[in-house]
Amino acid sequence: MNAEVPREFSLAERDRRWDAVRANAAAAGFDGIFVPLCLDSTNLNLSPEQRRGTRSDCRYLTGMENAAVVLPTAGGKPIAVADRGNGNAWVDDVRAANRGSWVPAMVEALRDAGLERGRIGVSGLRNGTVSHVRATSGVVNHSAYADVKRSLPNARFEDGTDCVGFARYRKGPEEIAALRNAARIAAAGLDELIEVARPGVAVAEVYARVVGRMLELGSEYYPLALDIGPLEGEQHRHEDPPFGMTPQPGDLVINEMDAVYLGMIAQEDQPVLLGAIPDAWKPVVELQAELYRTGLELMKPGVSFAAITQGVAERAEQAGMHGWSMLHSRGFGNDGPLINTQDGRPDRTTGVEIEPNTVWMWKPSAVSADGRIKFRWGGCVLVTEQGAEPLVPRTPGLVSIQ
Amino acid sequence: MTKLHDARPRAGPYSLAERDRRWDVVRKRAADQNLDCILVPLGNGIDGRYLTQYRSAGVVLPTDGGPPIVIVDSFADRASRNDWIPDPRLANRAWDEAMTRALQDAGMDRARVGVVGLRGGTVSHARSPDGVVVHSVYEEVTRRLPNATFVDATDVVGFARYVKSAEEIDCLTHAAAIAEGAIDEMIQQARPGADLGVLYARVVQRLLALGSEYDPLAIAAGPLGVFRTTRHTNPPHGRTLEPNTMITNEVTAIVGGQNAQEDQPILLGPIPDEWRRVVDLQREVFEAGLERMRPGTSIGELIDFVNGFGETRGGKTLILMHGRGYGDDGPLLSPRARGEKVRNVPIEAGTAWVWKPYAMSADERIQFVWGGDVVVTETGGKVLFKRPHGLVSIE
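Residues numbered from 1 in each chain as written. Chains lettered and ligands numbered in written order. Predicted model: local features only at pLDDT ≥ 70, side-chain atom pairs only at ≥ 80, totals over all residues.

Q: With reference to specific residues and values, describe the overall build of chain B.
A: When helices and strands are tallied, chain B shows nine helices and 20 strands. With the principal axes as the frame, chain B shows a C-alpha extent of 70 × 50 × 35 Å. Scored against the burial criterion, the 395 residues of chain B give a buried share of 53%. Sequence-distant contacts in chain B: of pairs separated by 6 or more residues, those separated by 24 or more amount to 73%. (Helix = DSSP H or I, 4+ residues; strand = E, 2+ residues; numbered from the N terminus. Buried ≥ 20, exposed ≤ 12 C-beta atoms within 10 Å, placed from the backbone. Contact = placed C-beta atoms within 7 Å.)

Below, the structure is given as structure tokens:
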């Protein structure tokens, strides 16, 4: 493992996160931030990104996979609640639910933090501006939260998702190092895919080999998404090994290759064609590379998302084609904002702009004039004061295996 | 072998008869509770999958036999085809609106609605005492339907899930075989000097290659006789296996949504004689427990039998078992979850379990757990796996 790759996040990183959340909470007028018991990823399984996102705030604040968290704004020590009550190096005050309801321990934690009559910002109640962006209904467990509210009738509970979200949005150096390592692992997963994907090789075998490679290199599991089908036809998406299926010559293998390191998710995408690239595709692939580079040039602190998406669209128009932008933040899961000019989703990014030390999944699409050929490629990009740089050096293009 | 071009991903291997069986059982139980319908809200993915085979579905199932209304998210289950529900409604990330409309369209504005997953159940959502329902959606749905009565109905679907059909047992058996294939891989990989993270990766790779959905492999490794070792559910990198390391594991494989689990301890060294006695005791209690797993036996009777078994043989034994199925199945019986609330629940034919009782020396210095998936038949518990009992020794 590279010496610059952290093996764990430091206490300094913990304090940076807590301080950032407290500052956001103070600015919003909250006396404390409350991350309640949230849904598990098996039950709230709307997408791989949302699976990771459900308990992302507790992971961010405590390093624990499942915890409720009370973080007083004034600087008091946070209190966590977890099933067995085991603490870790970050949090020593962890109350046990002991396989029972989490309500008594959460109520006690809020009281002990002096929030019985406080104004409490609840993270995860609804989708935020830059976190839980796809979870329009939030991620909070109903029965536990409703019981906590009933038990504390003098407290005011309001949505505080953005207080944690905007802390997560701006990455610390350790987080950037972790994301860079995750991106390296994802790139190695792509290398494995290119090595093993052949006509006649079972897709489940390819899937397993690629996932196995990333796990060997230190990633946590994250579903590999494979969209496979004929180049000129429809590609179907698989987020589990599709048993009993084999790709055919001429199939296009589109992928979202996610790797997770220290909880942080990087993604690298590399379409692979099991055959020769038709001439009609080549200008679209070349334009896509230009659109990718155009975006890199535009991604600077202070730049609006509209400026990026317009720049990409205009560059494509100059080439007589179309250009779509797909851009979303990277981090602990379900990060945003989510910019997708393809499907016309509502823009929730008002007031948000590119900032230094933000990390993005940047994967624009080039589309032929008649709309018949669409090509997307991309990976993780770090924005610094100097501009944007890919987290791992890769070359845009369509890999052809013949 | 199916060619990709002919086959969109299918949500599951079950027949339409299996769908109708499940719906009928749930409807009957709902009628017994005087419920007008069953509501599976957003958040309860497990019961949604049981009733629809979609990975994350909202369901309104009228008790009177009317067709269910099923809501899925266009971003989940992308491109999947489902013969059970060919035309689900799309939530398009507006679940409160979609679920309210579904209840209204089913005529439930003033109905008694049984909500599944609102709280942990007797035999389902066993580890989720606060339930699995998403707050914002549920709060909004109940606000918009002020004349409807919403009550917890987790057990209505839970007890339907509790008893498995032949198709479900086939899937569970297949999943158990995959888990055993992965155990074979673990035995191949487990050697002094091996990296535990690489072992972990190879075992998961094997599970996936054999056709399982992913579920975290749980693994712990430490010196023989040390029981409080860290349990890993992600690859533990940088840990080299030493001689005389004991590897304990829970290897889960999933087929057709059915979660099978096989547990096979591995020792990187010879088995000491004092351990052999405990391993033998564990085999005896495992087999005796199978004998006792007959329809009509109550959970309480089985707990008492197993927990008292060891003392008559110079050691100690404790029950460790829980239901198998779509996930978070119960009852959950363990040294931490002692089963006081489920003592009167009967063991029934067709129920499936992971059965892995504890055996210990009298001083509890030696502890051994081994087991796997079993299904209850009229004549007792029947194992769904093939490997022999014991502690695998790699010397």
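Structure's up, so let's keep going.
Q: Go over the overall build of chain A with me, naming the residues and quoting the values.
A: When its secondary structure is counted, chain A shows 10 helices and 21 strands. Taken against the 2.2 N^0.38 rule, which gives 21 Å for 402 residues, the C-alpha radius of gyration of chain A at 22 Å falls within 12% of a compact globule. Considering only C-alpha atoms, chain A reaches an extent of 70 × 45 × 40 Å along its principal axes. Counting the 402 residues in chain A, one finds 57% classified as buried. Counting contacts in chain A only where the partners sit at least 6 residues apart, residues at least 24 apart contribute 69% of the total. (Rg over C-alpha atoms; globule rule 2.2 N^0.38 Å.)

Q: Before we move on, can you summarise the sheet that holds strand β16 (residues 358-361) of chain B with the specific residues and values?
A: Two modes of strand pairing occur in sheets, parallel and antiparallel, and in both the strands are linked by backbone hydrogen bonds. Residue and element names in this part refer to chain B. Judged by pairing direction, the sheet is antiparallel, and its three strands sit side by side in the order β12-β16-β17 without closing on themselves. Where the open sheet ends on each side, the last strands, each with one partner, are β12 (315-318) and β17 (367-369). Within this sheet the neighbouring strands show an average axis-to-axis angle of 20 degrees, counted without direction. As judged from the three bridges shared by β16 and β17, these two strands associate in the antiparallel manner. (Pairing = 2+ DSSP bridges. Axes fitted to C-alpha atoms, helices over the stretch in contact; angles between N-to-C directions.)

Q: Explain the interface of chain B and chain A to me, using residue names and the numbers behind them.
A: At the interface, 56 residues of chain B touch 54 residues of chain A. Among the elements that make up the side of chain B that touches chain A, the one with the highest residue count is helix α7 (residues 196-209) of chain B (nine residues). In terms of residue class, the side of chain B that touches chain A is built from 28 nonpolar, 15 polar and 13 charged. (Nonpolar A, V, L, I, M, F, W, Y, C, P; charged D, E, K, R; others polar.)

Q: Could you give me a rundown of the domain arrangement of chain A, with the residues and numbers involved?
A: How big an interface is tends to be reported as the loss of accessible area on association of its parts. All names here are of chain A. With domains assigned, chain A is organised as domain 1 (11-169) and domain 2 (173-400). For domain 1 and domain 2, the distance between their C-alpha centroids amounts to 31 Å. In this complex, domain 1 contributes 18 residues to the contact, which on the side of domain 2 involves 20 residues. Of all elements in the fold, only α2 (48-53), α3 (56-62) and α6 (161-169) reach the threshold of two or more residues within the side of domain 1 that touches domain 2. Broken down by element, the side of domain 1 that touches domain 2 gets its largest block of residues, five residues, from α2. The residue inventory of the side of domain 1 that touches domain 2, partitioned by class, reads six nonpolar, six polar and six charged. (Domains from an automatic or database assignment.)

Q: Which residues make up helix α4 (residues 103-112) of chain A, and what values do they have?
A: All names here are of chain A. Taken together, the buried positions of α4 are Val103, Ala105, Met106, Ala109 and Leu110. Buried residues of α4, seen end-on, are gathered within an arc of 170 degrees and therefore sit on one face of the element. Tucked into the core, α4 has its buried residues touching β1 (32-35), β2 (68-72), β3 (79-82), β4 (94-96) and α5 (142-151). At the C-terminal side of α4, Gly114 shows a positive phi close to 75 degrees. (Arc of directions from axis to C-beta.)

Q: Give me the lowdown on the packing of helix α8 (residues 203-216) of chain A against α7 of chain B, citing residues and values where you can.
A: At their nearest, the axes of α8 of chain A and α7 of chain B sit 8 Å apart, and the two run at 165 degrees to each other. Accordingly, the angle class assigned to the pair α8 of chain A and α7 of chain B is roughly antiparallel. Crossing handedness for the pair α8 of chain A and α7 of chain B: right-handed. Across the interface between the two elements, Ala204, Glu205, Tyr207, Ala208, Arg209, Val211, Gly212, Leu215 and Glu216 of chain A from α8 of chain A touch Gly197, Val198, Tyr200, Ala201, Arg202, Val204, Gln205, Leu208 and Ala209 of chain B from α7 of chain B. Looking at the contact of α8 of chain A with α7 of chain B residue by residue, the class counts come to 11 nonpolar, three polar and four charged. (Parallel < 35°, antiparallel > 145°, perpendicular 65-115°, else oblique. Left-handed = near helix turned anticlockwise from the far one by under 90°.)

Q: Describe in detail the confidence of the model for chain B, supporting the description with residues and values.
A: Across chain B, the average pLDDT comes to 93, with 95% of residues at or above 70. What the predictor reports for the complex is a pTM of 0.95 with an ipTM of 0.93. (pLDDT = per-residue confidence, 0-100.)

Q: Account for α6 of chain A, with residues named and values stated.
A: The element α6 of chain A is extensively covered by neighbouring structure, given that eight of its nine residues are classed as buried. Within α6 of chain A, the full set of buried residues consists of Thr161, Cys163, Val164, Gly165, Phe166, Ala167, Arg168 and Tyr169 of chain A.

Q: Before we move on, can you summarise the pairing of strand β3 (residues 57-62) of chain B with the specific residues and values?
A: Moving residue by residue along a regular strand, the side chains alternate between the two faces of the sheet. Residues and elements named next belong to chain B. Burial within β3 is extensive, with five of its six residues counted as buried. Both β3 and strand β4 (residues 69-72) contribute to a ladder of four bridges, which runs antiparallel. Counterpart to Gly58 in the pairing with β4 is Ile71. In textbook terms, the turn of a hairpin is the stretch between consecutive antiparallel strands, and for β3 and β4 this stretch comprises six residues, one of which, Gly65, has a positive phi near 100 degrees.

Q: I'd like a description of the nonpolar core, backed by residues and values.
A: Within the largest apolar cluster, 246 residues are counted, with the highest numbers of intra-cluster contacts made by Ala182 of chain A together with Ile38 of chain B. Counting residues per element, this core draws most heavily on helix α7 (residues 173-196) of chain A, at 11 residues. In contact with Ile38 of chain B, not counting residues within four places along its chain, are Val26, Ala30, Leu61, Gly114, Val116, Ala153, Val156 and Val157 of chain B. (Core = buried A, V, L, I, M, F, W, Y, C linked by C-beta atoms within 7 Å.)

Q: So, the domain arrangement of chain B: which residues are in play, and what are the values?
A: Residues and elements named next belong to chain B. Domain parsing of chain B yields domain 1 (4-162) and domain 2 (166-393). Relative placement of domain 1 and domain 2: their C-alpha centres are 32 Å apart. Opposite the 17 residues of domain 1 that make contact, domain 2 presents 18 residues. The biggest single contributor to the side of domain 1 that touches domain 2 is helix α2 (residues 45-52), with three residues.

Q: A description of the sheet that holds β3 of chain A should follow, citing residues and the corresponding values.
A: All names here are of chain A. Reading across from one edge, β4-β3-β2-β1-β5-β6 is the order of the six strands in this open sheet, with mixed pairing throughout. One side of each edge strand has no neighbouring strand; the edge strands of this open sheet are β4 and β6 (156-159). Pairwise comparison of adjacent strand axes, ignoring direction, gives a mean angle of 25 degrees for this sheet. In this sheet, strand β5 (residues 119-122) lies alongside β1 in parallel orientation, the contact comprising three bridges. The partner of Ile33 across the bridge, within β5, is Gly121.

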